[in-house]
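What follows is each chain in one-letter form.
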Amino acid sequence: MKHFIAEKHLQGMLTQFSWQGYHDISQLEFTKNDFIWILTADENWPQKLVEAKQKVASVILLTYKYDRAEMQTALVLGARAYCHVLGTQSLLSSVVRVVDAGGIWLPNELLLALTFDIANSTKAKHNLPALNGITKREKDVLSGILDGLGNKEIAKEYGITERTVKEHVSSLLNKFGAKDRINLLLRIGEFSHLKDAL
């Protein structure tokens, strides 16, 4: 796996990866496992992102300031991650692990807003028989997810460990046939009525 980035000054800052610089994406040789990192400071980043997606599956957009519209544009264009260019080495390594495993990485503060928007704008596609098959603790965890809480916050709210929350989230994903929290919310659809059902 190789990491490509055009900005030479960032190659020195982001030392946890072995960087290969580029000037023109179309001139590079890639494998599907490679990563292309694009900086939003370049006014042509949307075009570069589209071009990069034609070469590799893993395109990460780096920004100096989180912007919801920018993130949404990046996702629509196929970015697999949207993160701060000055993120810690451990954070950027986590981003790579998530994307390499087929996931999408977004900053928590924007993920909560996006999750809320998705949930409020999606119509229920089917009845939810899975609600009848979940345990009380799974209902608690689902309630926390519907409130936009992270695993640590849910654990604190219900006096359980974060590991237990993760197990319940995994069980909920399985029961609803969802691959991640966003997909779970999409499967649930418009859920304002669910808080009372739980």
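From a predicted model like this one, the values you see are computed outputs, not experimental measurements. (Residues numbered from 1 in each chain as written. Predicted model: local features only at pLDDT ≥ 70, side-chain atom pairs only at ≥ 80, totals over all residues. Heavy atoms only, no water.)

What follows concerns the overall build of the chain. When its secondary structure is counted, the chain shows ten helices and five strands. Here the analysis covers contacts within the chain between residues at least 6 apart in sequence; of these, 55% occur between residues at least 24 apart. Counting every atom, the chain has about 10800 Å² of accessible surface; 50% of that belongs to carbon and sulfur. (Helix = DSSP H or I, 4+ residues; strand = E, 2+ residues; numbered from the N terminus. Contact = heavy atoms within 4.5 Å. Areas by Shrake-Rupley, 256 points an atom, 1.4 Å probe, with all protein chains shown as cover.)

Take the packing of helix α7 (residues 151–158) against helix α8 (residues 162–176) next. Packing of α7 against α8 brings their axes to within 8 Å, and their N-to-C directions diverge by 110 degrees. Of the possible angle classes, the one that applies to α7 and α8 is roughly perpendicular. Contacts between α7 and α8 pair Asn-151, Lys-152, Ile-154 and Ala-155 from the former with Glu-162, Val-165, Lys-166 and Val-169 from the latter. Among the residues forming the contact of α7 with α8, the class breakdown is four nonpolar, one polar and three charged. (Axes fitted to C-alpha atoms, helices over the stretch in contact; angles between N-to-C directions. Parallel < 35°, antiparallel > 145°, perpendicular 65-115°, else oblique. Nonpolar A, V, L, I, M, F, W, Y, C, P; charged D, E, K, R; others polar.)

This paragraph deals with the pairing of strand β5 (residues 81–84). The two faces of a sheet get side chains in turn, since along a regular strand they alternate between them. On β5, burial covers both faces: Ala-81 and Cys-83 on one face and Tyr-82 and His-84 on the other are all buried. With four bridges joining them, strand β4 (residues 58–63) and β5 adopt parallel strand pairing. Paired with Thr-63 across the strands is His-84, a residue of β5. Handedness of the crossover joining β4 and β5 through helix α3 (residues 68–77): right-handed. (Buried < 20%, exposed > 50% of the residue type's maximum accessible area, 1.4 Å probe, protein only. Pairing = 2+ DSSP bridges. Right-handed = clockwise from strand over helix to strand, strands pointing away.)

Counted according to the given criterion, the structure contains five salt bridges. A salt bridge links Arg-163 to Glu-167; the shortest N-O distance between them is 3.6 Å. With Arg-163 and Glu-167 both in helix α8 and four residues apart, the pair spans about one turn of that helix. The exposure class of Arg-163 is exposed, given its relative accessible area of 63%. When its relative accessible area of 45% is taken as the criterion, Glu-167 is described as partly exposed. Because the salt bridges share partners, they merge into one network encompassing Lys-136, Arg-137 and Asp-140. (Salt bridge = Lys/Arg side-chain N within 4 Å of Asp/Glu carboxyl O.)

Once that is clear, we can look at the nonpolar core. Formed by 19 residues in total, the largest nonpolar core has its most connected members in Tyr-22, Phe-30, Ile-36, Ile-38, Leu-49 and Leu-61. For this core, the elements supplying multiple residues, two or more each, are β3 (35–39), α2 (45–53), β4 and α3. Considering each element in turn, this core owes the most residues, three residues, to α2. The contact partners of Phe-30, leaving out residues within four places of it in the chain, are Phe-4, Ile-25, Ile-36, Lys-55 and Val-56. Formed by 17 residues, the second largest nonpolar core is a distinct cluster that contains Leu-146, Phe-176, Leu-184 and Leu-185. (Core = buried A, V, L, I, M, F, W, Y, C linked by side-chain atoms within 4.5 Å.)

Turning next to the confidence of the model for the chain. Confidence in the prediction of the chain, expressed as mean pLDDT, is 79, and 79% of residues score 70 or more. Within the chain, no element has a lower average pLDDT than helix α10 (residues 194–197), which sits at 48, and none a higher one than α7, at 92. Long-range and interchain partners of residues 123–127, a stretch whose pLDDT sits below 50, account for six contacts in this model, where long-range means more than four residues apart. Counted against residues more than four places away or in other chains, residues 190–198, with its pLDDT under 50, gives 20 contacts. (pLDDT = per-residue confidence, 0-100.)

Moving on: the side chain of His-168. Within the secondary structure layout, His-168 lies in helix α8. Dropping the residues within four chain positions of it, His-168 is found in contact with Arg-137, Glu-138 and Val-141.

The end-to-end C-alpha distance of α8 is 21 Å, a good match for the 21 Å that 15 residues give at a rise of 1.5 Å each. Those residues of α8 that fall on the buried side of the exposure criterion are Val-165, His-168, Val-169, Leu-172, Leu-173 and Phe-176. One side of α8 carries all its buried residues, which in axial view fall inside an arc of 140 degrees. Turned more than 90 degrees from where α8 packs its buried face, Arg-163 and Asn-174 sit exposed. Structurally, α8 contributes buried residues whose contacts are with α6 (136–146), α7 and α9 (181–188). Just past α8, the residue Gly-177 takes up positive phi, approximately 65 degrees. (Expected span 1.5 Å × (residues − 1). Arc of directions from axis to C-beta.)

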